[in-house]
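# Working through the structure, step by step
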Amino acid sequence: MTHQLTPVQLAQAYKNACMGELQALKPGNVHAFSDGHGMTIQDFIQSADVTAEPIARTGLSVGERVFYAVEATQKAVGQNTNLGMLLLCAPLLNAASALQANQSLWGQLQQTLNQLSVDDAVWVAKAIVLANPGGLGASNQHDVHEAPQVSLLEMMRSAQDKDRISWQYANQFHDIVDFGVNLYADALLKWENSAWATTALYLGFLTRYADTHVLRKHGEQVANLLMQEAKEMESNYWATHNPKLMQKQLLVWDASLKARKINPGTSADLTVATLLASDLALAT
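Residues numbered from 1 in each chain as written. Predicted model: local features only at pLDDT ≥ 70, side-chain atom pairs only at ≥ 80, totals over all residues. Heavy atoms only, no water.

## Quick notes on the nonpolar core
Selection criterion: Definition of nonpolar core: a set of buried residues of the types Ala, Val, Leu, Ile, Met, Phe, Trp, Tyr and Cys, connected through side-chain atoms within 4.5 Å. Relative accessibility thresholds used throughout: buried, under 20% of the residue-type maximum; exposed, over 50%; partly exposed, between the two (1.4 Å probe, protein chains only). The numbering of helices and of strands both runs from the N terminus, where a helix is a DSSP run of H or I of at least 4 residues and a strand a run of E of at least 2. Throughout, a contact is declared for two residues whenever any of their heavy atoms are within 4.5 Å.
Formed by 82 residues in total, the largest nonpolar core has its most connected members in Tyr14, Leu152, Tyr169, Phe173, Leu276 and Leu280. Broken down by element, the residue count for this core peaks at 11 residues, all from helix H4 (residues 83-97). Apart from residues no more than four positions distant in its own chain, leucine 152 is found in contact with Val62, Leu116, Ser117, Asp120, Ala121, Val124 and Tyr169. Counting residues in each nonpolar core, the second largest holds five residues, with Leu22, Val30, Met39 and Phe44 among its members.

Below is the structure:
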């Protein structure tokens, strides 16, 4: 039976997804085992704490959810820890809050994406300017420093070839709904441990396509090398019956990526969104 979740339940599901991602060893990212890239795990915990209420608040549009959550993040930690993640989580939370009887979460998500407005684009453009993420924003088409004239869905479609988060909007969250949720379920079944399953999910995203955050910052060669390294790591990871035996190898790779200033942020954002989507699909 389909049922809507309350804002408190939505906020908790979002926070669980944020914390679940931080508990997992994700080479190249900030996680419970290691800080990195000038950010600490505390920055991310604080960001999750302050954004849970605004992103899940009742009656807000997708664009408003993103903007108020980015605003709360900037006030709390003064840097961009979560823009990509917020862009992915807002439509999922919006869909879960608008579920009708006998409607699937994925059906409602599709409806949410199709109904995105110019107003949503204006709020998101303001959020991007406020977050000031590395390498995003200035574009010949739909520059976020100018008021958008198209819907948020159109804005995302125009950026989908350069940015995997925009790609989700243009392709009904396909990486999350069809790939991520199933991979996470398989990993949970195999190891019965959510942190290790989350590491497997993250490795899955790293090997699926070139991380667009890395592409923007370092170019194609580095992004492709990262994919190759991830494929070898993923193959070893799935071959083991006890992922704890992989911990040392993962931490060595983590240190190597951070020394090279490689931060696969898009894959981490997709990981959070998949944890949230998995939780919401079960809860609704």
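## Details of helix H6 (residues 118-131)
Filter applied, for reference: Multiplying 1.5 Å by the helix residue count minus one yields the expected span of that helix. For the purposes of these results, a polar contact is taken to be a pair of N or O atoms within 3.5 Å, where, inside protein, one atom must be able to donate a hydrogen and its partner to accept one; residues adjacent in sequence count only when each atom of the pair is a side-chain atom.
Here H6 is 14 residues long and its end C-alpha atoms lie 20 Å apart, about the 20 Å a rise of 1.5 Å per residue gives. Along H6, the residues classified as buried are Asp120, Ala121, Trp123, Val124, Ala125, Ala127, Ile128 and Ala131. Residues of H6 that are buried in the fold lie against helix H3 (62-77), H4 and helix H7 (152-159). A distance of 3.3 Å separates the backbone nitrogen of aspartate 119 from a side-chain oxygen at the start of H6, and that oxygen is part of serine 117. Asparagine 132 sits one or two positions beyond H6 and adopts a positive phi of about 50 degrees.

## Section: the confidence of the model for the protein
Stated formally: On a scale of 0 to 100, pLDDT captures the predictor's confidence in every residue.
Residues with a pLDDT of 70 or more make up 95% of the protein, whose mean pLDDT is 93. Across residues 135-140, where pLDDT falls below 50, the model places five contacts with residues more than four positions away in sequence or in other chains.

## What about the side chain of threonine 274?
Among the structural elements, threonine 274 can be located in helix H14 (residues 265-283). Taking the relative accessible area as the measure of exposure, threonine 274 reaches 0% and is therefore buried. Other than its neighbours up to four places away in sequence, threonine 274 contacts Ile176, Gly180, Val181, Leu201 and Phe205.

## What about the packing of H4 against H14?
Packed helices, taken two at a time, are described by their axes: the angle between them and the distance between them. Here is the rule we go by: Fitted lines through C-alpha atoms serve as axes, helices being fitted only where they are in contact, and the angles separating the N-to-C directions of these axes extend from 0 to 180 degrees. Here the word oblique covers every angle except those under 35 degrees (roughly parallel), over 145 (roughly antiparallel) and from 65 to 115 (roughly perpendicular). Handedness of a crossing is defined here by the sense of rotation of the near helix relative to the far one, left-handed for an anticlockwise turn of less than a right angle and right-handed for a clockwise turn. Just so you know the grouping, Ala, Val, Leu, Ile, Met, Phe, Trp, Tyr, Cys and Pro go in nonpolar, Asp, Glu, Lys and Arg go in charged, and all remaining residues, Gly too, go in polar.
Axis separation between H4 and H14 bottoms out at 8 Å; the angle between their running directions is 15 degrees. One element, H4, and the other, H14, form an angle in the roughly parallel class. The handedness of the crossing between H4 and H14 is right-handed. Contact with H4, carried on its side by Gly84, Met85, Leu88, Cys89, Leu92, Leu93 and Ala96, involves Asp269, Leu270, Val272, Ala273, Leu276, Ala277 and Leu280 of H14 and no other residues of that element. Taken together, the residues that form the contact of H4 with H14 break down as 12 nonpolar, one polar and one charged.

## Focus on the pattern of salt bridges
Stated formally: The salt bridge definition used is simple: a Lys or Arg side-chain nitrogen within 4 Å of an Asp or Glu carboxyl oxygen.
With the rule as written, the count across this model stands at nine salt bridges. Note that lysine 15 is salt-bridged to aspartate 49, the shortest N-O span being 3.1 Å. Taken as a pair, lysine 15 in helix H1 (residues 7-23) and aspartate 49 in helix H2 (residues 41-56) lie far apart in primary sequence, 34 residues in all. Linking glutamate 21 and lysine 26 is a salt bridge whose minimum nitrogen-to-oxygen distance equals 3.3 Å. An identical accessibility class is assigned to glutamate 21 and lysine 26; each is buried.

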